[in-house]
Amino acid sequence: MPPVTPDAPGEGTPRGTAAGKAGRWGSLARQALAGERESRGAPGSRATMCELYSKQDTLALRRKHIGPSCKVFFAADPIKIVRAQGQYMFDERGEQYLDCINNVAHVGHCHPEVVTAALKQMELLNTNSRFLHDNIVEYARRLSATLPETLSVCYFTNSGSEANDLALRLARQFRGHQDVITLDHAYHGHLSSLIEISPYKFRKGKDVKKEFVHVAPTPDTYRGKYREDHADPAGAYADEVKKIIEEAHNSGRKIAAFIAESMQSCGGQIIPPAGYFQKVAEYVHRAGGVFIADEVQVGFGRVGKHFWSFQMHGEDFVPDIVTMGKPMGNGHPMACVVTTKEIAEAFSSSGMEYFNTYGGNPVSSAIGLAVLNVIESEDLQGNATRVGDYLTELLNKQKAKHTLIGDIRGIGLFIGIDLVKDQQKRTPATDEAQHVIYKMKEKQVLLSADGPHRNVLKIKPPMCFTEEDAKFMVDQLDEILTVVEEAIGARSESVTSENTPCRTKAPDQLTRPLTTAHESIHMLTSLLLYTPSG
Ligand SMILES: Cc1ncc(COP(=O)(O)O)c(C=O)c1O
């Protein structure tokens, strides 16, 4: 479908008339609210009215005015998204995409209850938290009620990075220790203080690891140091942390905190083995440090059975500090640090005020409350369990069928598909994973590939994802993997006869040009610039 307007404005020229940006956006907003200019024939084509520039011009302006390190999804062929609803996103032509990656639009893109809560409070008041207001206290009360009793003091921020930065300050103030233990491949935010503790970032850049940072191996029982065949992987991984603490002490250093995501997301959808966190917490506490659980990606019921992912580890595990963000405002920038009274009091004993202009403002708090209400009223945790189980079951059937799938891991609506070139060696299938996400995009399914080898397909959709969506996604994946495996099989057969997976070819597959997929894998990979961290 062609772009909305036939004229191709020069770079920097807004679409439409001389009415100017303000007038145009004003009328666009009115049209949007009134639901005018409905369908142009294709589903979701109301999207077309939201364009200010043609896609080409948007791209040109972006190249000119947005920093080159801000990457786009699908760099070789970016998508322009102008509208979204529930678990679907729409491009400028009104094409619908199934969103399998957006854990920020937690209760569904543009959920009407969340939008209404924001609008209503915007009309009434928005200001900082130095004035007494009910929204912030009500929201803090409701958030605390989702956590173990000891976690009852909240500090509101505007992003997950701010939350983790503040968590580090709390931890360091608590006992005056400085050092931080982090997990390999972890990502905790974009601030300088967090790049320092994010191997996912500093190992890719020119930064070197700071001496107060200690990197423990990721408790990955599929590709890590201790695997599923180890008698006690949780104990073995926790012993690595113990060793780090001992070495730090021997060098006269003191541990302020251990920080980890309750399930590692950018690191490759890793679920720590049961008992690991308890043991680590014991060693860290003994060293006078605190345990920070980063729930920025994985909180708010994504795992289904529990509201917070760390709760999967049992009631005997309670972190000292929990950070949260992304899903909290369903797209509105808000985040939070929750901690114990003891740690909060130690923080305030420094005499320094904590002030954050926007943190916990009445609008953000109203939005946060609406998100909590929707999670409850629509039973989104129950949905995450039901749809997540169904999706995992479908994917496990695919695993039995496709040699490229090495591992399916996950819980609720947080699932990883680990693609491998070799089942025995578990060699990451990086090129193939990149190829698959581009092909899925062609089929209008949005997925990303992440992990240290960028071979893990990440699934973390809005929580309103349905069984129908799951089936559709898996059917598309099945088709793509079949073609890719055919191509790889063709290549392997010509090189080596032994390790080639033996698969009966369907007649239509035999007529396909088998080199196409393989060639395009390499072509696309060389074009890829996108570095995910979301
Ligand atoms: C685990 C984790 N922590 C913290 C952050 C930082 O959050 P934000 O981008 O809101 O600053 C991210 C962002 O991707 C994240 O994945």
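Throughout this document, residue positions are counted from 1 along each chain, in the order its sequence is written. Local features are withheld for residues below a pLDDT of 70 in this predicted model, meaning they are given only at 70 or higher, and side-chain atom pairs are given and counted only at 80 or more; totals for whole chains, interfaces and linings count all residues. The basis for every side-chain value is the complete set of non-hydrogen atoms in the structure, without hydrogens or water.

Looking at an unreviewed UniProt entry, the protein carries the name Ethanolamine-phosphate phospho-lyase, with the source organism given as Panthera pardus. Quoted verbatim from the Sequence similarities (unreviewed entry) field of the UniProt record, the comment on the protein reads "Belongs to the class-III pyridoxal-phosphate-dependent aminotransferase family." Under the heading Subcellular location (unreviewed entry), UniProt records this for the protein: "Mitochondrion". UniProt positions are given in the numbering used here, feature names are shortened, and annotations may be inferred rather than shown by experiment.

Colleague: Any chance you could explain the pattern of salt bridges here in plain terms?
Modeller: Any two side chains of opposite charge can pair, so long as their charged atoms come close to each other. Here, a salt bridge means any side-chain nitrogen of Lys or Arg that lies within 4 Å of a carboxyl oxygen of Asp or Glu. Under the criterion given, the structure shown has 23 salt bridges. A salt bridge links K397 to E393, with the nearest nitrogen and oxygen atoms 3.8 Å apart. Of this pair, K397 and E393 both sit in helix α12 (residues 380-401), 4 residues apart, which is roughly one turn of the helix. A relative accessible area of 53% places K397 in the exposed class. Starting at the N terminus, helices and strands are each numbered in turn, a helix being any DSSP run of H or I of at least four residues and a strand any DSSP run of E of at least two. Think of it in three bands: residues with accessible area under 20% of the maximum for their type are buried, residues over 50% are exposed, and the middle band is partly exposed, with areas taken using a 1.4 Å probe on protein chains only.

Colleague: Would you explain the confidence of the model for the protein in this entry?
Modeller: Detail in the predicted coordinates should be disregarded across regions flagged by low pLDDT. For every residue, the predictor states its confidence as a pLDDT score lying anywhere from 0 to 100. In this model, the protein carries an average pLDDT of 86, and 82% of its residues clear a pLDDT of 70 or more. Any pair of residues with heavy atoms lying within 4.5 Å of one another is described as a contacting pair. Confidence drops under a pLDDT of 50 for residues 492-516, and excluding neighbours within four residues, the segment shows 18 contacts in the predicted structure. Low pLDDT, under 50, characterises residues 525-533; the predicted model gives this stretch 25 contacts beyond four residues in sequence or across chains.

Colleague: Explain the sheet that holds strand β1 (residues 81-85) to me, please; I cannot follow it from the model alone.
Modeller: Neighbouring strands of a sheet are bound in pairs by backbone hydrogen bonds; such pairs are parallel or else antiparallel. What the 4 strands build is an open sheet, ordered β1-β2-β3-β14; its pairing is mixed. Two strands in the sheet have a free side with no partner beyond their single neighbour: β1 and β14 (445-446). Of the pairings in the sheet, the one linking strand β2 (residues 88-91) to strand β3 (residues 96-99) comprises 3 bridges and is antiparallel in character. Looking across to β3, one finds that Y88 is bridged to L98. One bridge is not enough; two strands pair if DSSP finds at least two bridges between them.

Colleague: Help me out: how do you make sense of the packing of helix α4 (residues 134-145) against helix α11 (residues 362-377) in this one?
Modeller: Helix-helix packing: each pair is described by the crossing angle between the helix axes and the interaxial distance. For helices, the axis comes from a line fit to the C-alpha atoms of the stretch in contact; other axes are also lines fit to C-alpha atoms, and the angle between any two N-to-C directions lies between 0 and 180 degrees. Contact pair α4 / α11: the axes reach a minimum separation of 8 Å and the direction vectors enclose 35°. Considering only the axes of α4 and α11, their crossing is left-handed. Residue-level inspection shows N135, I136, E138, Y139, R142 and L143 of α4 in contact with α11, the latter providing P362, S365, A366, G368, L369, L372, N373 and E376. Residues belonging to the contact of α4 with α11 are distributed by class as follows: 7 nonpolar, 4 polar and 3 charged. Left-handed is the label given to a crossing in which the near helix is rotated counterclockwise from the far helix by less than a right angle, and right-handed is the label when the rotation is clockwise. Under the scheme applied here, ten amino acids are nonpolar (Ala, Val, Leu, Ile, Met, Phe, Trp, Tyr, Cys and Pro), four are charged (Asp, Glu, Lys and Arg), and all others, including Gly, are polar.

Colleague: Can you help me understand the sheet that holds strand β4 (residues 153-157) in this one?
Modeller: In space, the 7 strands of this open sheet follow the order β4-β10-β9-β8-β7-β5-β6, with mixed pairing throughout. The two strands at the open ends of the sheet, each matched to only one other strand, are β4 and β6 (213-216). Neighbour-to-neighbour, the strand axes of the sheet open up by a mean angle of 20°, direction not taken into account. Relative to the sheet, α4 contacts β4, β9 (321-324) and β10 (335-339), its axis offset from that of β4 by approximately 120°. Packing of helix α10 (residues 341-348) onto the sheet brings it into contact with β4, β8 (290-294), β9 and β10, and relative to β4 it is tilted by some 60°.

Colleague: Please explain the environment of Y390 as it appears in this structure.
Modeller: Summarising the element assignment, Y390 is placed in helix α12. Distance in space between the C-alpha atoms of Y390 and T466 is 9.7 Å, their sequence separation being 76 residues. In this view, Y390 contacts E467, A470 and K471; residues no more than four positions away in its chain are not counted.

Colleague: Is there a simple way to think about the pairing of strand β12 (residues 414-422) in this case?
Modeller: Put simply, side chains in a regular strand alternate between the two faces of the sheet. Among the 9 residues in β12, 8 count as buried, and that is most of the element. Relative to β12, strand β11 (residues 405-411) runs antiparallel, the two sharing 6 bridges. When the bridges of β12 are listed, G410 appears paired with I415. In sequence, β11 turns back onto β12 through a hairpin of 2 residues, with G412 there showing a positive phi of about 60°.

Colleague: Sorry, what's going on with the side chain of N356 here?
Modeller: As for its placement among the helices and strands, N356 is situated in the loop between α10 and α11. Assessed through its relative accessible area of 12%, N356 is described here as buried. A distance of 2.8 Å separates polar atoms of two side chains, one belonging to N356 and the other to E162. Within polar-contact distance, the side chain of N356 engages the side chain of Y354 at 3.0 Å. When near neighbours in sequence (up to four residues on either side) are disregarded, N356 contacts F156, T157, N158 and E162. In protein, a polar contact means a hydrogen-donor-capable atom and an acceptor-capable atom, both N or O and within 3.5 Å, with residues adjacent in sequence counting only if both atoms are side-chain atoms; elsewhere, any N or O pair within 3.5 Å suffices.

Colleague: Looking at this structure, I do not really get unusual backbone geometry. What am I missing?
Modeller: Positive phi, close to 70°, is recorded for H185, a residue that is not glycine. Tracing the backbone shows H185 in the loop between β5 (179-183) and α6 (192-195). Although it is not a glycine, Q444 adopts a positive phi angle of roughly 65°. Mapped onto the elements of the fold, Q444 is located in the loop between α13 (430-442) and β14.

Colleague: Please explain the nonpolar core as it appears in this structure.
Modeller: In globular proteins that are soluble, nonpolar side chains generally tend to be buried together. Grouped together as the largest cluster of nonpolar side chains are 97 residues, with contacts concentrated most on F258, Y276, F300, M324, L395, L457 and M473. Contacts of L457, omitting those with residues within four sequence positions, involve I415, G416, I417, L419, A433, V436, I437, L447, S448, A449 and L477. Only buried residues count toward a nonpolar core. Its members are Ala, Val, Leu, Ile, Met, Phe, Trp, Tyr and Cys residues joined through side-chain atoms within 4.5 Å. In this structure, L168, L170, V213 and V337 belong to the second largest nonpolar core, which totals 27 residues.

Colleague: Explain the side chain of Q278 here, please?
Modeller: Looking at where Q278 falls in the secondary structure, it is placed in helix α9 (residues 276-286). Within the structure, the side chain of Q278 is placed 2.9 Å from the side chain of D316, a separation counted as a polar contact. Ignoring sequence-local partners within four residues, the contact set of Q278 consists of H313, D316 and F317.

Colleague: What exactly am I supposed to notice about the environment of M328 here?
Modeller: With respect to the helices and strands, the residue M328 is situated in the loop between β9 and β10. With relative accessibility at 0%, the residue M328 sits in the buried group. Sequence separation of M328 and I367 is 39 residues, and the distance between their C-alpha atoms is 8.4 Å. With residues up to four places along the chain from it excluded, the contact list for M328 reads Y139, L143, F156, F300, M334, A335, C336, G368 and V371.

Colleague: Got a minute to help me understand the packing of aromatic side chains in this structure?
Modeller: Geometrically, a pair of aromatic rings is defined through the distance of the ring centres and the angle of the planes. Each pair of aromatic rings taken from Phe, Tyr and Trp, with Trp reduced to its six-membered ring, is defined by centres within 6.5 Å and is described as stacked if the planes are under 30 degrees apart, edge-to-face if over 60, and tilted in the remaining cases. In the structure shown here, the tally under the stated rule is 16 aromatic pairs. Centroid distance F73 to F74: 6.2 Å. Interplanar angle 40°. Geometry classified as tilted. Using a relative accessible area of 41% as the deciding quantity, one classes F73 as partly exposed. Relative to F156, the ring of Y139 has its centre 5.6 Å away and its plane inclined at 25°; by these criteria the two rings are stacked. Of this pair, Y139 sits in helix α4 while F156 sits in strand β4, and the two are 17 residues apart along the sequence. Residues Y139 and F156 agree in their burial class; the two are buried. Ring pairs connect the aromatic residues F258, Y276, F277, F291, F310 and F317, which therefore count as one cluster. Put simply, a charge is over a ring when the Lys NZ or the Arg CZ is close to the ring centre, within 6 Å, and near the line of the ring normal, within 35 degrees. The aromatic ring of F90 is capped on one face by R83, whose charged end is 4.3 Å from the ring centroid.

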